[in-house]
Amino acid sequence: MTELRSQSSELERLHAIYEELEARNGLLHNEVLRLKRAQRTNVQDLARVAAVLLQISRAKGIALDSVTLDILRRRGWLPARPRTGARP
């Protein structure tokens, strides 16, 4: 009988730990979703800024530096570098 009470107490303790971990997991899941939404918004904002930067650069005839162009290409916001060596 004592062993049964001991096991019952242990089971209750483990259940309480499980519920706490489930609650933490829910909070972490919500935080991941929030961060993903923020990241998606940031990428959209940066893409808009890049588009305006390119428009201004082309309208004014001012070439962007190679690091900026490489970043824009890497993000897929510019076509791949032309093989002729010309820059947008």
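Owing to the predicted nature of the structure, the values given are computational and were not obtained by experimental measurement.

Definitions and limits used
- Per-chain numbering applies: the sequence of each chain, read as written, is numbered from 1 onward.
- The predicted nature of this model means local features are confined to residues of pLDDT at least 70 and side-chain atom pairs, given and counted, to a pLDDT of 80 or more, with totals for whole chains, interfaces and linings taken over all residues.
- Only hydrogens and water are set aside when side-chain values are computed; all heavy atoms of the structure are taken into account.
- Put simply, DSSP marks the helices as runs of H or I at least four residues long and the strands as runs of E at least two long, and each gets a number from the N terminus on.
- In this setup the radius of gyration rests on C-alpha atoms only. A globule is expected at 2.2 Å times the number of residues raised to 0.38.
- Only protein chains enter the area calculation, which uses a 1.4 Å probe; residues under 20% of their type maximum are buried, those over 50% are exposed, and those in between are partly exposed.
- Contact definition: two residues touch when any of their heavy atoms are within 4.5 Å.
- Only the protein chains shown count as cover for residues, and all accessible areas are computed by the Shrake-Rupley method using a 1.4 Å probe.
- His is not counted, nor are the chain ends, whereas Lys and Arg count as positive and Asp and Glu as negative.
- For this purpose, a charge sits on NZ of Lys, CZ of Arg, CG of Asp or CD of Glu.
- Each salt bridge in this description consists of a side-chain nitrogen of Lys or Arg and a carboxyl oxygen of Asp or Glu lying within 4 Å of one another.
- Within this scheme, the nonpolar core is defined by two criteria: the residues are buried Ala, Val, Leu, Ile, Met, Phe, Trp, Tyr or Cys, and they are joined through side-chain atoms within 4.5 Å.
- Expected span of a helix, by definition, is 1.5 Å for each gap between consecutive residues, and there is one gap fewer than residues.

**Side note on the overall build of the protein**
Phase 1 of the analysis: Along the backbone of the protein there are two helices and zero strands.
Phase 2 of the analysis: Taking 12 Å as the expected radius of gyration for a compact globule of 88 residues, we find that the protein reaches 27 Å, considerably beyond that expectation.
Phase 3 of the analysis: Buried positions account for 9% of the 88 residues belonging to the protein.
Phase 4 of the analysis: If you take every contact in the protein between residues at least 6 apart in sequence, the share linking residues at least 24 apart comes to 20%.
Phase 5 of the analysis: When the accessible surface of the protein is summed, it comes to about 7,700 Å², and 58% of that surface belongs to carbon and sulfur atoms.
Phase 6 of the analysis: In the protein, 16 side chains carry a positive charge and 10 a negative one; their mean positions are 21 Å apart.

**Brief notes about the environment of Lys36**
Phase 1 of the analysis: Along the polypeptide, Lys36 turns up in helix α1 (residues 2–60).
Phase 2 of the analysis: In sequence terms Lys36 and Gly76 are 40 residues apart; their C-alpha atoms lie 19 Å from each other.

**Some thoughts on the pattern of salt bridges**
Phase 1 of the analysis: In total, this model carries five salt bridges according to the counting rule given.
Phase 2 of the analysis: A salt bridge links Arg24 to Glu20, with the nearest nitrogen and oxygen atoms 2.7 Å apart. Pair noted here: Arg24 and Glu20 are both in helix α1, with a separation of four residues, about one helical turn.
Phase 3 of the analysis: When its relative accessible area of 48% is taken as the criterion, Arg24 is described as partly exposed.
Phase 4 of the analysis: Classification of Glu20 as partly exposed rests on a relative accessible area of 41%.
Phase 5 of the analysis: A salt bridge links Arg34 to Glu31; the shortest N-O distance between them is 2.6 Å.

**Brief notes about the nonpolar core**
Phase 1 of the analysis: In terms of nonpolar packing, the biggest core is built from six residues, these being Ala50, Leu54, Leu64, Leu69, Leu72 and Leu78.
Phase 2 of the analysis: Secondary-structure elements contributing two or more residues to this core are α1 and α2 (66–74).
Phase 3 of the analysis: Not counting residues within four places of it along the chain, the set of residues in contact with Ala50 comprises Leu72 and Trp77.

**Focus: α1**
Phase 1 of the analysis: Here α1 contains 59 residues, and its C-alpha end-to-end distance of 86 Å stays within 8% of the 87 Å for a straight helix at 1.5 Å per residue.
Phase 2 of the analysis: Against the buried residues of α1 lie α2.
Phase 3 of the analysis: Looking one or two residues past α1, Gly61 carries a phi angle of roughly 70 degrees, positive in sign.

**A word on the side chain of Ser57**
Phase 1 of the analysis: Relative to the helices and strands, Ser57 is located in helix α1.
Phase 2 of the analysis: According to the relative accessible area criterion, Ser57 is buried, its value standing at 8%.
Phase 3 of the analysis: Apart from residues no more than four positions distant in its own chain, Ser57 is found in contact with Ile62, Ala63 and Leu64.

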